[in-house]
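Geometric and topological summary
Here is what each chain is made of, one letter per residue.
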Amino acid sequence: MSTLETTASSPPPEHKKIFLAAVDESEESIHALSWFANKILPASSSGHHHRSTLVLLYVKPPPPLYFSPDGHVFSADVMAAMDKYRNDVAECIMVKAKRVCKEAAGDNDNGDYQVKVETMIENGDARDVICQVAEKLGVDVLVMGSHGYGPIKRAFLGSVSNQS
């Protein structure tokens, strides 16, 4: 016959919540992030969830192969300028997304609103990269905007949110 002993121990550590917000140039993307930051993050950051992390992800599409009107590939200088533009766009989007998070934290009356915000800029097809990052990080919630296309428009134009 065995006896059970009860020992006082500290409670198990809470699961660190990881939120992933895929952001891009669209207003829908920023709207989804703003809604999430204002409505969901305050509730999820109360108590011991201050270790939670919100990862802002921007996926730069692969650079297209540019040709000049006479059929030649653009020079290295032109390609470098286009790449710099893509990097500048990515940085501007991240600044805007971080500002949305900061404003949401400032509007919150709860002093426990402490979610760490990180940024990631990746290259590739958004559908694939978002899924890969979500799986790699083991995210609890994926936030992304949707244009709200109907089935016909979505068939012709595609939808990252539907395919992710």
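Residues numbered from 1 in each chain as written. Predicted model: local features only at pLDDT ≥ 70, side-chain atom pairs only at ≥ 80, totals over all residues. Heavy atoms only, no water.

As named in an unreviewed UniProt entry, the protein is UspA domain-containing protein, taken from Linum tenue.

1. Quick look at the nonpolar core
As a reminder of what qualifies: Side-chain atoms within 4.5 Å are what join buried Ala, Val, Leu, Ile, Met, Phe, Trp, Tyr and Cys residues into a set we call a nonpolar core. A simple rule labels every residue: compare its accessible area, found with a 1.4 Å probe on the protein chains alone, to the largest value its type can have, and call it buried under 20%, exposed over 50%, or partly exposed in between. Helix and strand labels come from DSSP, where a helix needs a run of H or I of at least four residues and a strand needs a run of E of at least two; each type is numbered from the N terminus. Note on contacts: a residue pair is in contact if any heavy atoms of the two residues lie within 4.5 Å.
If you look at the biggest cluster of nonpolar residues, it comprises 22 residues, and the most contacted ones within it are Val23, Leu33, Leu41, Leu54, Leu56 and Tyr58. Among the elements of the structure, strand E1 (18-22), helix H1 (27-44), strand E2 (53-60) and helix H2 (76-107) are those that each provide at least two residues to this core. No other element matches the 8 residues that H2 contributes to this core. Discounting chain neighbours no more than four positions away, the residues touching Val23 are Ser29, Leu33, Leu57, Tyr58, Ile93, Met94 and Ala97.

2. Points about the pattern of salt bridges
Operational definition: The salt bridge criterion pairs a side-chain nitrogen of Lys or Arg with a carboxyl oxygen of Asp or Glu, the two atoms within 4 Å.
Taken as a whole and assessed by the stated rule, the structure comprises 5 salt bridges. Among the ionic pairs, Glu27 bridges to Lys96, the shortest N-O distance being 3.4 Å. With Glu27 in helix H1 and Lys96 in helix H2, this residue pair connects regions lying 69 residues apart in the sequence. The exposed category is assigned to Glu27, whose relative accessible area is 53%. With a relative accessible area of 30%, Lys96 lands in the partly exposed category. A salt bridge links Arg86 to Asp83; its shortest N-O distance comes to 3.0 Å. Of this pair, Arg86 and Asp83 both sit in helix H2, 3 residues apart, which is roughly one turn of that helix. Residue class for Arg86 comes out buried when judged on its relative accessible area of 15%.

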